[in-house]
Amino acid sequence: NAGVTQTPKFRILKIGQSMTLQCTQDMNHNYMYWYRQDPGMGLKLIYYSVGAGITDKGEVPNGYNVSRSTTEDFPLRLELAAPSQTSVYFCASSYISGTGITDTQYFGPGTRLTVL
Amino acid sequence: AQKVTQAQTEISVVEKEDVTLDCVYETRDTTYYLFWYKQPPSGELVFLIRRNSFDEQNEISGRYSWNFQKSTSSFNFTITASQVVDSAVYFCALSEGESNFGNEKLTFGTGTRLTIIP
């Protein structure tokens, strides 16, 4: 198993540009998450998904969009990039059963994004 | 609202010393989970432990141990006989216990940067 993979690893954007951060997991996890980590800070939840076709906002969703068309993929879209979106982005996945039995979250290696 | 406080921003200790990282949390849920993650200089997040709110037993794993005290809302992490490889940022995190969408939405503390001096 590759676990959670993210592409690209690094990216520099100009203000106003758009891009999609890719996230794929091969563990058949139903839950997937996007976090951002600003310098010297903990991670903050942007969006999450409980399964294909279902997404919901986290703590800091403004400026981002997500979709979940398959179990494996959970891309994060940045529209009109702003300097405030300079951060490291982590994707994670976990399995939660119908009875609420959970596994821990597994994180991808991160994407370092700079908006200039 | 949930909150995790890691008051120690940075700690430096000499190799082989013991070190304790503090974590204090706030939640109104009766069911919740607490986590510790390690983020080495390479940047990835490494899962260390998960503890549910009904299990207050302390846990030991090699040189690592965790002390969970609901009475003080704390979940402290101790490294015994520290090594240079322990140098990293350590995050404490809390997840909601009961919600419409499950219980793994994590709230992270701001992290403690631990430096082990050889």
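Criteria and thresholds
- Residues numbered from 1 in each chain as written.
- Chains lettered and ligands numbered in written order.
- Predicted model: local features only at pLDDT ≥ 70, side-chain atom pairs only at ≥ 80, totals over all residues.
- Heavy atoms only, no water.
- Helix = DSSP H or I, 4+ residues; strand = E, 2+ residues; numbered from the N terminus.
- Rg over C-alpha atoms; globule rule 2.2 N^0.38 Å.
- Buried < 20%, exposed > 50% of the residue type's maximum accessible area, 1.4 Å probe, protein only.
- Contact = heavy atoms within 4.5 Å.
- Areas by Shrake-Rupley, 256 points an atom, 1.4 Å probe, with all protein chains shown as cover.
- Lys, Arg positive; Asp, Glu negative; His and termini not counted.
- Charge placed at Lys NZ, Arg CZ, Asp CG, Glu CD.
- Pairing = 2+ DSSP bridges.
- Axes fitted to C-alpha atoms, helices over the stretch in contact; angles between N-to-C directions.
- Salt bridge = Lys/Arg side-chain N within 4 Å of Asp/Glu carboxyl O.

J.: Looking at this structure, how should I read the overall build of chain B?
T.: Assigned secondary structure in chain B consists of zero helices and twelve strands. Counting helices and strands in the order they occur from the N terminus, chain B gives β-β-β-β-β-β-β-β-β-β-β-β. For 118 residues, the compact-globule estimate of 2.2 N^0.38 gives 13 Å, and chain B sits close to it at 14 Å. Along the first, second and third principal axes, the C-alpha atoms of chain B reach 50 × 30 × 20 Å. The buried share of chain B, reckoned over its 118 residues, is 47%. Summarising the internal contacts of chain B: among those between residues at least 6 apart in sequence, 57% fall at separations of at least 24. Summing over all exposed atoms, chain B offers an accessible surface of approximately 5,800 Å²; the carbon and sulfur share of this is 47%. Mean positive and mean negative side-chain charge positions of chain B (10 and 15 charges, respectively) differ by 2 Å.

J.: Can you help me understand the sheet that holds strand 1 (residues 4-7) of chain A in this one?
T.: All names here are of chain A. Strand order in the open sheet formed by four strands is 1-3-8-7, with antiparallel pairing between adjacent strands. Both outer strands of the open sheet, strand 1 and strand 7 (64-66), are each paired with one neighbouring strand and no more. Taking the axes of each pair of neighbouring strands and ignoring which way they run, one obtains an average angle of 20° across the sheet. In the sheet, strand 3 (residues 19-25) pairs with strand 8 (residues 76-78) via three bridges, with the strands oriented antiparallel. Within the sheet, the bridge partner assigned to methionine 19 lies in strand 8 and is leucine 78.

J.: Got a minute to help me understand the pairing of strand 5 (residues 43-51) of chain A in this structure?
T.: All names here are of chain A. Of all nine residues in strand 5, eight are buried, a share of seventy percent or more. Here strand 4 (residues 31-37) runs beside strand 5; their pairing, made up of six bridges, is antiparallel. Within strand 5, the residue paired with arginine 36 across the bridge is lysine 44. Between strand 4 and strand 5, which pair antiparallel one after the other, the connecting turn spans five residues, and glycine 40 there sits at a positive phi close to 75°.

J.: How do you make sense of the pairing of strand 5 (residues 33-39) of chain B when you look at a structure like this?
T.: Both faces of the sheet carry side chains from a regular strand, because those side chains alternate between them. Residues and elements named next belong to chain B. The buried count for strand 5 comes to seven of seven residues, which makes it a mostly enclosed element. A two-sided burial pattern is seen for strand 5, the buried positions comprising Tyr33, Phe35, Tyr37 and Gln39 on one face and Leu34, Trp36 and Lys38 on the other. Across six bridges, the pairing between strand 5 and strand 6 (residues 46-52) is antiparallel. Paired with leucine 34 across the strands is arginine 51, a residue of strand 6.

J.: Explain the pattern of salt bridges here, please?
T.: Pairing between side chains of opposite charge can happen when the charged atoms of each approach one another. All names here are of chain B. Applying the stated criterion to the full structure yields five salt bridges over all chains. Note that arginine 51 is salt-bridged to glutamate 59, the shortest N-O span being 2.7 Å. Judged by its relative accessible area of 30%, glutamate 59 falls in the partly exposed class. Arginine 63 serves as the salt-bridge partner of aspartate 86, at 2.8 Å between the closest nitrogen and oxygen.

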